[in-house]
Amino acid sequence: MAGLVIANWKMHGSLELIAEFAQEWRELPQLSGVNVVLCPPAPYLGVVSEAVEGIVLGAQNSADRVEGALTGEVSSQMLSELGCGYVIIGHSERRSLFSETDAQVAVKAQLAIAQGLHAVVCVGETLEHRDADQQDKVVSEQLLGSLAEVPWEKLVVAYEPVWAIGTGRTATPAQAEAMHGVIKGCLRGHFGDAGADIPVIYGGSVKPENAGVLFECDNIDGALVGGASLNANSFWHIASAASAGRA
Ligand code: PEP
């Protein structure tokens, strides 16, 4: 499968940054063999889709209801109407800061996929779990809890160890590869043969300097990139490494 590289801008950016990013991105060579997705903050979806060429638009979150009196929420249907192809669901920041549960993540993923979006379901262990050697159990349980009633088509799983997000501390390729193997095993157990077709991407301080070695791992199908995706040049180098690793 082609590599998949997703930019998660979180609550960063401005109209000025989008203009600069778009200009720099336009001057970089076009990439092939990799699907590049850009997830800006929701208010910028329209501007990014107009300004940045050669990317698929994505969102960082969607609601766990179809519609209603839910001030501040954004539905999957709205994202789909705006041209999004992907939505990140259950990012560790949503789980820890906004108390999202596995059950909510599963509902959000179902609704997103029903609207034709790719649901990027995030899972990952904390440092405490890693230090206690509980990571396989914790991530498998979180994954299966987040997949209740979720169809496999258009599902993407992002493994993001919480201790590696925004810390500059990346999981070693061996640690990431081992966990991706566990996740792929769970997906095959849950979905049968179809589970093998679900991309499993890695996130946690991915940068141009470490992307190449991560993408050489058999079970790593791409990356979810936070900090390094705010700069077009760094993000391009990561996406380019994914395209080389999967060519
Ligand atoms: C993320 O936001 O999903 C992420 C992995 O962030 P960073 O690359 O900055 O660690």
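Residues numbered from 1 in each chain as written. Predicted model: local features only at pLDDT ≥ 70, side-chain atom pairs only at ≥ 80, totals over all residues. Heavy atoms only, no water.

Caption draft 1: Just the site of the ligand, in detail. Taken together, 14 residues sit near the ligand, with Lys10, His91, Glu160, Gly166 and Ser205 positioned nearest. Here an oxygen atom of the ligand and a backbone polar atom of Ser205 are 2.7 Å apart. With respect to the ligand, the backbone of Gly227 contributes an N or O atom lying 2.9 Å from an oxygen atom. Burial of the ligand by the surrounding chains reaches 95%, relative to a free accessible area of 290 Å². (Near = heavy atom within 4 Å. Polar contact = N/O pair within 3.5 Å; in protein donor to acceptor, adjacent residues only side chain to side chain. Areas by Shrake-Rupley, 256 points an atom, 1.4 Å probe, with all protein chains shown as cover.)

Caption draft 2: How the structure looks around the nonpolar core. Judged by nonpolar contacts, the single largest core of 66 residues is most densely connected at Val5, Trp25, Val52, Ile183, Leu187, Tyr202 and Phe215. Once residues lying within four places of it in the same chain are set aside, the contact partners of Leu187 are Leu143, Leu147, Val157, Gly192, Gly195, Ile198 and Val200. One finds Leu4, Cys39, Ala158 and Ile201 within the second-largest nonpolar core, a separate group that totals 12 residues. (Core = buried A, V, L, I, M, F, W, Y, C linked by side-chain atoms within 4.5 Å. Buried < 20%, exposed > 50% of the residue type's maximum accessible area, 1.4 Å probe, protein only. Contact = heavy atoms within 4.5 Å.)

Caption draft 3: Main features of the environment of Phe21. You can see Phe21 is positioned in helix H1 (residues 15–27). What makes Phe21 buried here is its relative accessible area of 2%. Taking the C-alpha atoms as reference points, Phe21 and Leu97, 76 residues apart in sequence, are found 28 Å from one another. Ignoring any residue separated from it by four or fewer positions in sequence, one finds Phe21 in contact with Trp9, Leu38, Val52, Ser229, Leu230, Asn231, Ala232 and Phe235. (Helix = DSSP H or I, 4+ residues; strand = E, 2+ residues; numbered from the N terminus.)

Caption draft 4: Spotlight on the side chain of Ser62. Mapped onto the secondary structure, Ser62 falls in the loop between strand S3 (56–59) and helix H3 (76–81). Among all residues touching Ser62, those that are not within four sequence positions of it are Val74, Ser76, Leu79, Val87, Ile89 and Lys108.

Caption draft 5: The sheet that holds strand S1 (residues 3–8), seen in detail. On the basis of which strands lie adjacent, the closed barrel formed by 8 strands has the order S1-S2-S3-S4-S5-S6-S7-S8 and parallel pairing. Neighbour-to-neighbour, the strand axes of the sheet open up by a mean angle of 25°, direction not taken into account. On top of the sheet, helix H7 (residues 135–146) reaches strand S5 (118–123) and strand S6 (155–159); it is set at about 150° to S5, its chief contact. (Pairing = 2+ DSSP bridges. Axes fitted to C-alpha atoms, helices over the stretch in contact; angles between N-to-C directions.)

Caption draft 6: Region of interest: the packing of aromatic side chains. Applying the stated criterion across every chain yields a total of 4 aromatic pairs. Where Trp9 meets Phe21, the ring centres are 5.2 Å apart and the plane angle is 70°; that geometry is what we call edge-to-face. In this pair, Trp9 sits in the loop between S1 and H1 while Phe21 sits in helix H1, placing the two residues 12 residues apart along the sequence. One aromatic cluster is present, built from ring pairs that chain together Trp9, Phe21, Trp25 and Phe235. One cation-aromatic arrangement involves Arg94 over Phe98; the distance from NZ or CZ to the ring centre is 4.1 Å. (Phe/Tyr/Trp six-rings, centres within 6.5 Å; stacked < 30°, edge-to-face > 60°. Lys NZ or Arg CZ within 6 Å of the ring centre and 35° of its normal.)

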